[in-house]
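So you can see what is in the structure, the chains are spelled out below.
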Amino acid sequence: MQANYNEIIPNNVDLGDDRRLLRALERWQPAYLRWWHEMGPAESNDFQVYLRTAISVDSDGWAHFGHVRMPDYRWGIFLARPEADRTIGFGDHRGAPVWTEIPGEYRGELRRLIVTQGDTEPASVEQQRRLGATPPSLYDLRNLYQVNVEEGRHLWAMVYLLHAHFGRDGREEAEALLERHAGDPDRPRILQAFNERTDDWLSFFMFTYFQDRDGKFQLAALSESGFDPLSRTCRFMLTEEAHHMFVGETGLMRIVQRTCELVREHDTLDVRAAGGVPLPMIQKWINFHYSICLDLFGSERSTNAANYFAMGLKGRYQESKRDDDHTLADEQIEIPKVTADGIDTQVIAARAGMNLLLRRDFTLDSQRGLDRFNKIIKAHDIDFELTLPDEKFNRAIGIFAAIHASPAGALVDSERWEREKDAWLPTADDRAFVRSLMIPVTDPGKVAGWIAPPKRGIHGKPFDYDYVRFH
Ligand code: BYC
Ligand code: FE
Ligand code: FE
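Residues numbered from 1 in each chain as written. Chains lettered and ligands numbered in written order. Predicted model: local features only at pLDDT ≥ 70, side-chain atom pairs only at ≥ 80, totals over all residues.

> Which parts of the structure should I look at to understand the overall build of the chain?
Helix and strand counts for the chain stand at 11 helices and seven strands. For the chain, the C-alpha radius of gyration of 23 Å lies close to 23 Å, the compact-globule estimate for 471 residues. Principal axes of the C-alpha set define a box for the chain whose edges measure 65 × 65 × 40 Å. Burial analysis of the chain (471 residues in total) assigns 45% to the buried set. Put simply, 69% of the contacts in the chain that link residues at least 6 apart link residues at least 24 apart. (Helix = DSSP H or I, 4+ residues; strand = E, 2+ residues; numbered from the N terminus. Rg over C-alpha atoms; globule rule 2.2 N^0.38 Å. Buried ≥ 20, exposed ≤ 12 C-beta atoms within 10 Å, placed from the backbone. Contact = placed C-beta atoms within 7 Å.)

Encoded structure:
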């Protein structure tokens, strides 16, 4: 299947052959562009940005690099190539041929999954809307915009599925995706973490480190889907997602690096006066972002999740690489339980624990980056370790929503929580301090004082390349 890059909507799904679908998407496109202008990156429409554009789904050379105005970005619809004779890999239909059309009995569940996934993509762009005013370097500004246009493309990916497979209610859902907004008190985004503010670049790097990583795990689970168009869409989205997490991980590494240099230079952990972000403050940001991202996995025990698995709609992380029977019909797992005396465990059907299984894989993956940050701290001979807070800390969804716990996992009563939460989570003062560091640096090759420069530039270009041209 050849990617057609010349049409109004670049695609590899032969859109030109389906007039009805093409017309529906062409009607949605102006609403999308209006949304981009009103809710997308602020005051950026005339900038020429050195962007990667997806032009094919082949692993060699799927992307084109060049300066473009973001409103002219070629948002397209790309599905990974179909796998011949693919069968459903898990659940009650394991072994049956995958569906290329919606199985009627699962229409509601699929729509809900696709809408929830689709809702997060524009939400993230809205949350990051104002960061372009305060970039630590031109390189970082470009990466922000790269992430933003790709999240825009991920929205297109979900809207394509809604338009192609759900008829009128799919079109209505596609419109609603542009009408809910991050943090809007009347029409908020569906998942809570996508209504939080992202006002500073420390938060941006935490977002791309933790929240985009939830994206990776959810997309991986959906890429196992027996609904083949969803699987193929998510598989291609995952290739873009890797870059978002690269931005988060290297961004945080550069901040830790710079902080450590300042600690050594000034011989104090409190590097605020030197214009750095103290390690304990970085820890507070980790506590916040990691805990709200655990909520994104839903409840530990979930009938929805059990149904998605049984129906073959949403699998486990790397489902096909696991060596069990992939149906888990009679399996059980242990999950935590809150009792009057503290935390106990309970045994439930494995299928009902899918959210927790996926969340555990997310935790392992999140820890890997922290190990790298801690290596940097150690190399500077500083006695401090960044850690992921306990799963019970600061939770609003699932069994731990009922209790309070310290980052170390000790149960605390409401009184102690109120007294100590400012030591654990960013306070208004902490946020004001971090914001005070956010002085824009836009000269090519220059970088703000609170973050180290990157090791290398983008796509073979040097760090001092003019990644964004402001005219
Ligand atoms: N906030 O049975 P439960 C990404 C609701 S990120 C608010 O436990 P389920 C990206 C739930 O809706 C990946 N409400 O939940 C990253 C339900 O409501 P009702 C996004 C929540 O269904 C960065 C009730 O609580 N993709 O791509 O098992 C940048 C009971 O819930 C929340 C997906 O999430 C919450 N956090 O699991 C850009 C994949 N959690 O029915 C992009 C699709 C739960 O009582 N979504 N509720 O009204 C899913 O697979 C599932 O919907 C969830 C929730 C895993 C999110
Ligand atoms: Fe995305
Ligand atoms: Fe992403």
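> I tried to follow the site of ligand 1 on my own but got confused; where do I start?
Inspection of the region around ligand 1 gives 25 residues, with Gly215, Gly298, Ser299, Ser302 and Asn304 positioned closest. If you list the elements that add at least two residues to the shell around ligand 1, you get α2 (107-127), α5 (201-223) and α8 (303-311). No other element matches the six residues that α2 contributes to the shell around ligand 1. Residues of the shell around ligand 1, tallied by class, amount to six nonpolar, 13 polar and six charged. (Near = placed C-beta within 6 Å. Nonpolar A, V, L, I, M, F, W, Y, C, P; charged D, E, K, R; others polar.)

> Which parts of the structure should I look at to understand helix α9 (residues 354-379)?
The α-helix advances 3.6 residues per turn, and as a result positions three or four apart in sequence lie on the same side. The end-to-end C-alpha distance of α9 is 39 Å, a good match for the 38 Å that 26 residues give at a rise of 1.5 Å each. By the burial criterion, the buried members of α9 are Met354, Asn355, Leu356, Leu357, Leu358, Arg359, Phe362, Ser366, Gly369, Phe373 and Ile376. Residues of α9 that are buried sit in contact with α5, α6 (228-266), α7 (279-295), α8 and β3 (332-339). One or two residues past the end of α9 sits Asp381, with phi positive at roughly 60°. (Expected span 1.5 Å × (residues − 1).)

> What is the right way to read the sheet that holds strand β1 (residues 48-54) from this model?
Two pairing modes exist for strands in a sheet, parallel and antiparallel, and in both the strands are linked by backbone hydrogen bonds. Pairing is antiparallel across the open sheet formed by three strands, whose spatial order is β2-β1-β7. Strands at the two margins of the open sheet, each flanked by one partner only, are β2 (63-69) and β7 (468-469). Sheet analysis places β1 next to β7, joined by two bridges and oriented antiparallel. Directly across from Gln48, in β7, lies its bridge partner Arg469. (Pairing = 2+ DSSP bridges.)

> Would you mind going over the environment of Ala274 with me for this structure?
Locating Ala274 in the fold gives a position in the loop between α6 and α7. Residue classification places Ala274 among the partly exposed residues on the basis of 17 C-beta atoms within 10 Å. The sequence separation of Ala274 and Leu294 amounts to 20 residues, and the corresponding C-alpha distance is 34 Å. Among residues more than four places away in sequence, those in contact with Ala274 are Leu262 and His266.

> How do you make sense of the pairing of β3 when you look at a structure like this?
On a regular strand, one side chain projects to one face of the sheet and the next to the other, so that they alternate. The pairing of β3 with strand β4 (residues 342-349) spans eight bridges and is antiparallel. In the sheet register, Lys337 faces β4, and the bridge partner there is Asp344. Counted between consecutive antiparallel strands, the loop separating β3 from β4 contains two residues.

> What's the story with unusual backbone geometry in this structure? I'm lost.
Most peptide bonds are trans, and most residues other than glycine sit at a negative phi. Here Asp267, not a glycine, exhibits a phi torsion of approximately 55°, which is positive. On the secondary structure map, Asp267 appears in the loop between α6 and α7. The phi dihedral of His459 falls on the positive side, at around 55°, and the residue is not glycine. Among the secondary structure elements, His459 is positioned in the loop between α11 (428-437) and β7. With 11 C-beta atoms counted inside 10 Å, the residue His459 sits in the exposed group.

> Quick question: what am I supposed to make of the environment of Phe433 here?
Here Phe433 shows up in helix α11. On the basis of neighbour count, Phe433 is assigned to the partly exposed category, with 16 C-beta atoms found within 10 Å.

> What exactly am I supposed to notice about the packing of α5 against α6 here?
The relative placement of two packed helices is expressed as an angle between their axes plus a distance between the axes. One way to put it is that α5 packs onto α6 with a least axis distance of 8 Å and a crossing angle of 155°. What the angle tells us is that α5 and α6 run roughly antiparallel. Crossing of α5 against α6: the hand is left-handed. Each residue belonging to the contact of α5 with α6 can be placed in one class, and the counts come to 14 nonpolar, seven polar and six charged. (Axes fitted to C-alpha atoms, helices over the stretch in contact; angles between N-to-C directions. Parallel < 35°, antiparallel > 145°, perpendicular 65-115°, else oblique. Left-handed = near helix turned anticlockwise from the far one by under 90°.)

> For this particular structure, what's the right way to read α7?
With 17 residues, α7 should reach 24 Å at 1.5 Å per residue; the first-to-last C-alpha distance of 25 Å fits that figure. When you tally the buried positions in α7, you get 15 out of 17 residues, the bulk of the element.

> When you look at the nonpolar core in this model, what are you seeing that I'm missing?
Nonpolar side chains in soluble globular proteins tend to be buried together. With 109 residues, the main nonpolar core has Val159 and Ile255 as its most contacted residues. It is helix α3 (residues 138-165) that contributes the most residues to this core, 16 residues altogether. When near neighbours in sequence (up to four residues on either side) are disregarded, Ile255 contacts Leu202, Phe205, Val277, Ile282, Trp450 and Ile451. (Core = buried A, V, L, I, M, F, W, Y, C linked by C-beta atoms within 7 Å.)

> I tried to follow the packing of α5 against α7 on my own but got confused; where do I start?
Following both chains from N to C, one finds α5 and α7 inclined at 30°, their axes separated by 9 Å at the closest point. With respect to their mutual orientation, α5 and α7 come out roughly parallel. Here α5 runs over α7; the crossing is right-handed. Here Leu202, Ser203, Met206, Phe207, Phe210, Gln211 and Asp214 of α5 lie close against α7, whose contacting residues are Trp285, Ile286, His289, Tyr290 and Cys293. When its residues are assigned to classes, the contact of α5 with α7 shows eight nonpolar, three polar and one charged.

> Explanation requested: the environment of Thr250 in the structure shown.
Topologically, Thr250 is positioned in helix α6. Expressed as a C-alpha distance, the spacing of Thr250 and Thr345, which sit 95 residues apart in the sequence, is 37 Å.

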